[in-house]
Amino acid sequence: ILVASGTFGYGVEYGEVVDVQRLGAICCKGTTLRPRAGNPPPRVTETPGGMLNSIGLQNPGVAAVIEKYGPIWQGWKVPVIVNIAGESIEDYVEVARRLDGVPGVAGIELNISCPNVGKGGLQFAIDKDAARAVTAAVRRATELPLLVKLSPNVSDVRPIAKAIEEAGADAICAINTLSGLAVSADRTRAFLGNTYGGLSGPAIKPVALRIVYEVAQVVSIPIVAIGGVTNLDDVLDFFACGAVAVQVGTAIFADPELPVRLGDELRAECLRRGLSSYKPLIGTALPARAGASSAKGAEYRP
């Protein structure tokens, strides 16, 4: 049971309310090559079953993150995976290069849901060739475990997942937020300062389940599921669809102790079933052979 990027800070922020050492891993806030001030406010709004956020990757930059948090992470037993973002392949590579070999950094989570300035603002995550290129470049730049985070904002995620695997990723994280919009109370403008935001929370769980289910049928590397986890049933659902781990995100804002408690509940459930490991729970809902993509027609099949 991990905590998702952007919901747990750098780990230290929750130190007084959560025993962070009992987590499976911490995915820290998105980190970029240079400091970012983030998007204009408002940045967050609640939605039925979730929230929209448009933080804009506010962070102090990779050098400051290494200097301030590296020595703290080095003293922890919980692995810290640094989520990185960039506007070009060169940005990603340089951030990864600086993190490589830093004590306390256990891995990299590649956030490819960022605009590629070299392709006119097209997200790396929605183009399989761009996803392949950035993954391969970062793979060459670091020996750290490399996890790549998929965007759900595509018609068929499977070719992108396969390209990422072929490029050398060690694992896939699924999913990032869905693109969404909220309207101001007087209905004269979009509510968020940056117009669009990322939808997260329980409302997106069916989408996340579907993507984990599809990706698990076409890749052999591990999948870490993200999207609407609030209880043990959610964890078990993602395992059944092929995930080997889950990240808890939005629910942390309401219940910071949830990830630790889920770990305890999963352990108790395995003991109740007479299991010494949770691995037999993985993939139980997957078909015997890979099926067609949901893009073939989720609502109507002749």
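Presented here is a report on the structure given in the accompanying data block.

**Some details on helix α6 (residues 232-240)**
Among the nine residues of α6, seven are classified as buried, and the element is accordingly described as predominantly covered. For α6, the set of buried residues is Leu232, Asp234, Val235, Leu236, Phe238, Phe239 and Ala240. Measuring from the backbone nitrogen of Asp233 back to the side-chain oxygen at the start of α6 gives 3.1 Å, which picks out Asn231 as the cap. At the C-terminal side of α6, Gly242 shows a positive phi close to 115 degrees.

**Looking at the packing of aromatic side chains**
One pass over the full model with this rule turns up six aromatic pairs. Here the aromatic rings of Tyr69 and Trp73 are separated by 5.9 Å at their centres, their planes lie at 20 degrees, and the arrangement is stacked. Here the residue Tyr69 and the residue Trp73 both occupy positions in helix α1 (residues 62-74), the gap between them amounting to four residues, near one helical turn. Taken individually, Tyr69 and Trp73 each receive the classification buried, so the pair is uniform in this respect. Both rings, one in Tyr92 and one in Phe124, keep their centres 5.4 Å apart while their planes meet at 90 degrees; by these two values the pair is edge-to-face. Taken together, the residues span a long stretch of sequence, with Tyr92 in helix α2 (residues 89-99) and Phe124 in the loop between β8 (122-123) and α3 (128-141) at a distance of 32 residues. You'll find Tyr92 and Phe124 in the same group, each marked buried. An aromatic cluster is present here, built from Tyr10, Tyr69 and Trp73 joined pairwise through their rings.

**Details of the state of the cysteines**
According to the stated counting rule, one finds zero disulfides in the structure shown. The thiol of Cys173 is unpaired, and the distance to the nearest cysteine sulfur, on Cys27, comes to 6.1 Å.

**Description of the environment of Val20**
Structurally, the position occupied by Val20 is in the loop between β1 (2-3) and β2 (25-27). The class of Val20 is buried, set by a relative accessible area of 6%. Along the primary structure Val20 and Val78 are separated by 58 residues, whereas in three dimensions their C-alpha atoms are 7.1 Å apart. With residues near it in sequence (within four places) discarded, Val20 still touches Phe8, Gly11, Ile26, Trp76 and Val78.

**Re the packing of helix α5 (residues 205-216) against α6**
As a packed pair, α5 and α6 sit with axes 9 Å apart at the nearest point and diverge in direction by 25 degrees. Of the possible angle classes, the one that applies to α5 and α6 is roughly parallel. Contact residues: Lys205, Ala208, Leu209 and Val212 in α5; Asp234, Asp237 and Phe238 in α6. Residue composition of the contact of α5 with α6, by class: four nonpolar, no polar and three charged.

**Remarks on the sheet that holds strand β6 (residues 107-111)**
In spatial order, the strands read β1-β2-β5-β6-β9-β10-β13-β14; together these eight strands close into a barrel with parallel pairing. Pairing geometry for strand β5 (residues 80-84) and β6, over four bridges, is parallel. Directly across from Asn83, in β6, lies its bridge partner Glu109.

**As for the sheet that holds strand β3 (residues 44-47)**
The strand order across the open sheet formed by four strands is β3-β4-β12-β11, and the pairing between neighbours is antiparallel. Each end of this open sheet is capped by a strand with a single partner; those strands are β3 and β11 (178-181). With strand direction ignored, the average angle separating the axes of adjacent strands in the sheet is 40 degrees. Relative to strand β12 (residues 196-200), strand β4 (residues 50-53) is paired through three bridges, and the arrangement is antiparallel. For Met51, the partnering residue across the bridge sits in β12 and is Ser200.

**Examining the pairing of strand β14 (residues 245-248)**
Neither face of β14 is exposed, since Ala245 and Gln247 on one face and Val246 and Val248 on the opposite face are all buried. One ladder, built from two bridges, connects β1 with β14; its direction is parallel. In the sheet register, Val3 faces β14, and the bridge partner there is Val248. As paired strands, strand β13 (residues 223-226) and β14 are joined by three bridges and run parallel to one another. Paired with Ile226 across the strands is Gln247, a residue of β14. In this fold, β13 hands off to α6, which returns the chain to β14; that crossover is right-handed.

**A word on α2**
Buried residues of α2: Asp91, Tyr92, Glu94, Val95, Ala96 and Leu99, and no others. Buried-residue contacts for α2 involve α1, β5, β6 and α3. Following α2 by one or two positions, Gly101 adopts a phi angle in the positive range, close to 85 degrees.

Calculation criteria
- Residues numbered from 1 in each chain as written.
- Predicted model: local features only at pLDDT ≥ 70, side-chain atom pairs only at ≥ 80, totals over all residues.
- Heavy atoms only, no water.
- Buried < 20%, exposed > 50% of the residue type's maximum accessible area, 1.4 Å probe, protein only.
- Helix = DSSP H or I, 4+ residues; strand = E, 2+ residues; numbered from the N terminus.
- Polar contact = N/O pair within 3.5 Å; in protein donor to acceptor, adjacent residues only side chain to side chain.
- Phe/Tyr/Trp six-rings, centres within 6.5 Å; stacked < 30°, edge-to-face > 60°.
- Disulfide = S-S within 2.5 Å.
- Contact = heavy atoms within 4.5 Å.
- Axes fitted to C-alpha atoms, helices over the stretch in contact; angles between N-to-C directions.
- Parallel < 35°, antiparallel > 145°, perpendicular 65-115°, else oblique.
- Nonpolar A, V, L, I, M, F, W, Y, C, P; charged D, E, K, R; others polar.
- Pairing = 2+ DSSP bridges.
- Right-handed = clockwise from strand over helix to strand, strands pointing away.

Everything listed is a geometric property; what it means functionally is a separate question.
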